[in-house]
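Read off the chains here:
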Amino acid sequence: MGSTSTKIKLRTSDQKVFEVEKAVAVQSQTIKYIYENGCPDSVIHVHSVSGDILSKILDYCKKHVNSAAGKEDISPEELYEWDANFVKVDQNTLFDLILAANCLKIESLLDLTCQTVANMIKGKRPEEIRTTFNIKNDYTIEAEEAVRRENKWAFDMLGGVGTMVIEELADDTMSKCVTNTKSRVCVIAANQIVMMRSISKLANKKSIDVYKQPQNPTTPRIKESVKQRNVGTGFIELFFHFKCKM
Amino acid sequence: MADFEGNNRETLEDDFCLLEDSDLEGDVDERFYELPILSPKAKAKIPVDYNKALKYVDRKEAGLEDVLRDHALHLLPAKTLFRFKTVSRRWDHWISSPLFAHRQTTYFKNVSGLFCQVADHSPSFISFNQDAYGMPDPSLSFFPEPVKVRSSCNGLVCCQGIEDDTYYICSPVTKEWKKLPRPNLYHGAKAAVVLAFEPYVLNFNESYELVCAVTFPDYPVVYFEIYSSRSSSWRVSDTICYELDGSGLHDGGYYMKGVVYWESSSGVILAFGLRDEQYGFLPLPANDEEYGNGALAMKHGELCYIQPRYQDNVCTINIHGNMDMSLKSVINLPYDAGSTFGVCRALGFINGDILILGLGTRVVSYHVKEQKVELISQHEGGACTRYIPYVNSLVSLRHPLIRDKGLIV
């Protein structure tokens, strides 16, 4: 057994060393390339992957290598089930797995994790996507509203009873707000346009008044006072995770 | 070529490494069409300084957003993608690209819902997930005349005009539609029609075929007339089936892996291979009382037949498979479905695990593993309602490279 199985050493970003069989390690195209073109005896550094993640990844590779080689008696459905359980991890771990699978070029793992993320986000709203993946919204208010209006049908989603929750943002997230003629700020939130106080008054306030534009013009306007973090010197952006009544 | 950038990037990375621009802000991002920038440093050093090379690979480490763009975005359905156009301008740019639409059509193949139509009324769409699957106009009112939905495949839908039996092909998401020329044979309103559309990664010109099993009132023959989008014309196949009385062909066939299947009331499934244009028969497990309630579907890449059986007020679902359509598994519905709702119809099988059933006026999904029943919709109609499974892809009827860039390919 010793002479037939070659081992490869991998060192992670947190200085953990893993020794794995070559067949398992070369599931990663990156490691395979490095191994075949470099010094086989040295340790391969995988700087961008931590020990925990690499350990999980090696489990995955081992399972798939063994199943393909017939070393493990596992049917395709059972392997599929095993994969489904493998990705039942918390969001951060899943994202780390995606980045590691991409960096190490393990195609099947990348497909599996990306499919998992796709299933996770397919029902989400754009605001949730921005928060989850830390994406900056570079739209102006009018531009975003124009795209939203053009594709109104895509925003027709299931909702709950109307509640309004402010999702807090990172301190340095700024975006432009546009004032209309009455010097009020309009922010687009979900399917509603939320009217806010004028910019000049915002700088001094600890809280702002948020008005919800009613869909039925005869219903009275609803005023909610909400706490707000860190008003900048002029421009703020607030996300409203707003669920509207169907 | 810019259109191969996605594939090119991966192969180039094997030999070189990419230096990505750190400045990602600013105007509409053209990176999707740019050629990757190669680093001359990495080129020279492998294999001696392989550690240095690996360091370069790490440093170029793609951010999560970029990995998602390249590997996850095209796995999402159309409604979700249109909504995500407002995530950021870059996302809007990626999603609106015609090449992305082609990619999504190739990868996203999940059955997203059912087009539902009672007699000649307007069609409607029953979505399996209202947040993720949808279209701008589910009643397909963008057609110039009222239509009957006949068949759908990977996002393309074939409809037939109610007045004059004209065939149309459309993409419900983009609202593009195309009127087909008249066929050579007379099809009438009852021809068994199946749309066959198989998108391939490198085949940018989406080509599809409309396969019609045409029958004649007094002759026991079946002709096959095929419309090909490549030639934009109809052609009657040389293959003629004399063994079957075509009048019993069930409306609503099934297409899978190059073969078109129709159920026949004479107890067989007629299979027609598109490549060699040969036909064959498979046994149909349904008997007379149950005819019309079963459905062909795909389970783990293989053809199967779902037959609901209703005995002693209990409904069980038989799954048949293999070349002889033998019984492979039986699913017991957890509650008394039949008597309460009248008729139990199989409508589809998703991901090998979720059964879609029509129970009376309701459409329910049954998760086999979790043994969970979910109500999807309740509406008018019943045994006469036609259900056509639909995939929410971004498929476009226009050539992706011609539309905006003015190229002729």
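How each quantity is defined
- Residues numbered from 1 in each chain as written.
- Chains lettered and ligands numbered in written order.
- Predicted model: local features only at pLDDT ≥ 70, side-chain atom pairs only at ≥ 80, totals over all residues.
- Heavy atoms only, no water.
- Helix = DSSP H or I, 4+ residues; strand = E, 2+ residues; numbered from the N terminus.
- Buried < 20%, exposed > 50% of the residue type's maximum accessible area, 1.4 Å probe, protein only.
- Contact = heavy atoms within 4.5 Å.
- Areas by Shrake-Rupley, 256 points an atom, 1.4 Å probe, with all protein chains shown as cover.
- pLDDT = per-residue confidence, 0-100.
- Salt bridge = Lys/Arg side-chain N within 4 Å of Asp/Glu carboxyl O.
- Pairing = 2+ DSSP bridges.
- UniProt positions renumbered as here; feature names shortened; annotations may be inferred.

Draft legend 1. Region of interest: the overall build of chain A. In terms of regular secondary structure, chain A is built from nine helices and ten strands. Taken across its 246 residues, chain A has 43% of its residues classed as buried. Of the contacts made within chain A by residues no fewer than 6 positions apart, 57% connect residues no fewer than 24 positions apart. Roughly 13600 Å² of accessible area belongs to chain A as shown, and the carbon and sulfur atoms make up 49% of that amount.

Draft legend 2. View of the confidence of the model for chain B. All names here are of chain B. The pLDDT averaged across chain B works out to 79; a share of 77% of its residues lies at or above 70. Under a pLDDT of 50 for its full length, residues 400-409 has, in the predicted model, 17 contacts with residues more than four places off or in other chains. Across the predicted assembly, pTM comes out at 0.74 and ipTM at 0.76.

Draft legend 3. Representation of helix H7 (residues 98-107) of chain B. All names here are of chain B. Burial analysis of H7 places eight of its ten residues in the buried class, the great majority of the element. Every buried residue of H7 is listed here: Pro98, Leu99, Phe100, Ala101, His102, Gln104, Thr105 and Thr106. Buried residues along H7 sit in contact with helix H5 (78-83), helix H6 (89-96) and strand S7 (192-197).

Draft legend 4. Geometry of the pattern of salt bridges. In total, this model carries 14 salt bridges over all chains according to the counting rule given. With a closest N to O distance of 3.6 Å, glutamate 145 of chain A and arginine 149 of chain A form a salt bridge. In this pair, glutamate 145 of chain A and arginine 149 of chain A are both assigned in helix H8 (residues 141-150), four residues apart and thus about one turn of the helix distant. Look at arginine 149 of chain A and you get exposed, because its relative accessible area is 52%. Measuring nitrogen to oxygen at the nearest pair gives 2.7 Å for the salt bridge that ties arginine 235 of chain B to glutamate 277 of chain B. A residue pair is termed long-range when its members are at least 10 positions apart, and arginine 235 of chain B in strand S10 (residues 233-241) and glutamate 277 of chain B in the loop between strand S13 (268-273) and strand S14 (279-283) qualify at 42 residues. You can call glutamate 277 of chain B buried: its relative accessible area is 13%. If you follow the salt bridges from partner to partner, you end up with Glu65, Asp66, Arg69, Asp70 and Arg90 of chain B in one network.

Draft legend 5. The arrangement of the pairing of strand S18 (residues 326-332) of chain B in detail. Residues and elements named next belong to chain B. In this structure, strand S17 (residues 314-321) lies alongside S18, joined through six bridges in antiparallel fashion. If you follow asparagine 318 over to S18, its bridge partner there is valine 330. In this antiparallel pair of consecutive strands, S17 and S18, the connection spans four residues, and asparagine 322 shows a positive phi of 70°.

Draft legend 6. Spotlight on the UniProt feature "domain: SKP1 component dimerisation" (unreviewed entry) in chain A. Using the residue numbers shown here, the UniProt feature "domain: SKP1 component dimerisation" (unreviewed entry) corresponds to residues 108-154 of chain A. Across residues 108-154 of chain A one finds 68% helix and 0% strand; the C-alpha atoms that close the span lie 31 Å apart.

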